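So the chains spell out like this:
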Amino acid sequence: QVQLVESGGGLVQAGGSLKLSCAASGMTFRGNAVAWYRQAPGKQRELVAHITSGDTTNYADSVKGRFTISRDNARNTMSLQMNNLKPEDTAVYYCNVLVASGRYADWGQGTQVTVSS
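Now for a quick tour of the structure.

Rules of the game
Residues numbered from 1 in each chain as written. Predicted model: local features only at pLDDT ≥ 70, side-chain atom pairs only at ≥ 80, totals over all residues. Heavy atoms only, no water. Disulfide = S-S within 2.5 Å. Helix = DSSP H or I, 4+ residues; strand = E, 2+ residues; numbered from the N terminus. Buried < 20%, exposed > 50% of the residue type's maximum accessible area, 1.4 Å probe, protein only. Pairing = 2+ DSSP bridges. Axes fitted to C-alpha atoms, helices over the stretch in contact; angles between N-to-C directions.

## Focus: the state of the cysteines
Applying the stated criterion across every chain, the model contains one disulfide. Across the disulfide from Cys-22 sits Cys-95; the S-S distance is 1.9 Å. The chirality of the disulfide connecting Cys-22 with Cys-95 is right-handed, given an S-S dihedral of about 60 degrees. You can see Cys-22 sitting in strand β3 (residues 18-25) and its partner Cys-95 sitting in strand β9 (residues 91-97), a full 73 residues away along the chain. Under the relative-accessibility criterion, Cys-22 is labelled buried at 1%.

Laid out in structure tokens, this is it:
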């Protein structure tokens, strides 16, 4: 079983920055696509960014130019650097990794990001 643990969330003022981290056990990030999602109150979970096993990155339009996804295969961790945060970025952020047959692993607890203005 894959276990995912997110960290690094917190309260930040608009325009500030945060860096989220994700650690996995039970499966290596190496050779697999990984992604960050977020879920705001009353809304569906949405894809924020993902990176392929070949290190190709993709971002939601709402975060392009502000967020950067990265992966450290040696440490089996992944990160989401978030700059120029906006109140609409407020959400619980989750990481995940593709497993067999192109399915995501079970979701972790996520980490709360709150942006005030």
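## Let's talk about the sheet that holds strand β2 (residues 10-13)
The sheet built from six strands is open, its strands ordered β2-β10-β9-β4-β5-β6 with mixed pairing. Of all strands in the sheet, those with a lone pairing partner are β2 and β6 (57-59), marking the two edges. On average, each strand axis in the sheet is inclined to that of its neighbour by 25 degrees, with strand direction left out of account. Examined bridge by bridge, β2 and strand β10 (residues 111-116) share four bridges and lie parallel to one another. Of the residues in β10, the one forming a bridge with Gly-10 is Val-113.

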